[in-house]
Amino acid sequence: MTKKEDLIVVKTTTGVDEALETIVEKRISGFPVIDDDWHLVGVVSDYDLLALDSISGGGQNDIDIFPDVDSSWKAFNRIQRLLNKTHGKVIGDLMTPAPLVVRETTNLEDAARLLLETKYRRLPVVDSNGKLIGLITRGNVVSAALQIKRAIEREQSS
């Protein structure tokens, strides 16, 4: 689990442009959204930020059955147009409110099962008051599994 002090979080008033810059700079795929008292109020992912195109009225009117040779360039241009639409938008406009969470008492196996059986990449960990205390990600689960595997291998070779 990534602990609270190591988390990168945003608030509902954080600008979308700032969030996009942080995603690129920190190489992350999303954030917990908190209030001033660290109560979890939502989550926002890179997908939510990219889906802003449909929220802001942009559509994909030029979809063809067969992609053009320059379809990668078209996709790049669509993303550029999307980024031009983010000015003035805030995280509260596009976050997912009331996300799936786990409690601090949830065991790792149950949290891992949730991550593996759902589309979620991250699960906020909250205390009994709904305050964010950490985040468990698919990467955390893989890391824990690898540590367990190595420990078993060391034990067997001793």
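Residues numbered from 1 in each chain as written. Predicted model: local features only at pLDDT ≥ 70, side-chain atom pairs only at ≥ 80, totals over all residues. Heavy atoms only, no water.

Visitor: Describe the side chain of Asp 127, listing the residues and the values that go with them.
Guide: If you trace the backbone, Asp 127 turns up in the loop between β7 (122-126) and β8 (132-137). For Asp 127, which is buried and forms no salt bridge, the nearest opposite charge comes from Arg 103, at a distance of 5.8 Å. Not counting residues up to four positions away in its chain, the partners in contact with Asp 127 are Arg 103, Glu 104 and Ile 133. (Helix = DSSP H or I, 4+ residues; strand = E, 2+ residues; numbered from the N terminus. Buried < 20%, exposed > 50% of the residue type's maximum accessible area, 1.4 Å probe, protein only. Lys, Arg positive; Asp, Glu negative; His and termini not counted. Salt bridge = Lys/Arg side-chain N within 4 Å of Asp/Glu carboxyl O. Contact = heavy atoms within 4.5 Å.)

Visitor: Let's hear about unusual backbone geometry: which residues, and what values?
Guide: One non-glycine residue, Arg 27, adopts positive backbone phi at about 55°. Here Arg 27 is to be found in the loop between α1 (16-26) and β3 (30-34). Its identity is not glycine, yet Ala 98 carries a phi of approximately 50°, on the positive side. As for its placement among the helices and strands, Ala 98 is situated in the loop between β5 (96-97) and β6 (102-103). On the basis of relative accessibility, which here comes to 74%, the residue Ala 98 falls in the exposed class.

Visitor: How would you sum up the sheet that holds strand β1 (residues 2-3)? Please name residues and give values.
Guide: Here four strands make up an open sheet; going across it, the order is β1-β8-β7-β6 and the pairing mixed. Each having just a single partner strand, β1 and β6 make up the two edges of the open sheet. Against the sheet, helix α6 (residues 138-157) makes contact with β1 and β8, and its axis sits at roughly 70° relative to β8, the strand it touches most. (Pairing = 2+ DSSP bridges. Axes fitted to C-alpha atoms, helices over the stretch in contact; angles between N-to-C directions.)

None of the figures reported here should be taken as evidence of function without further support.
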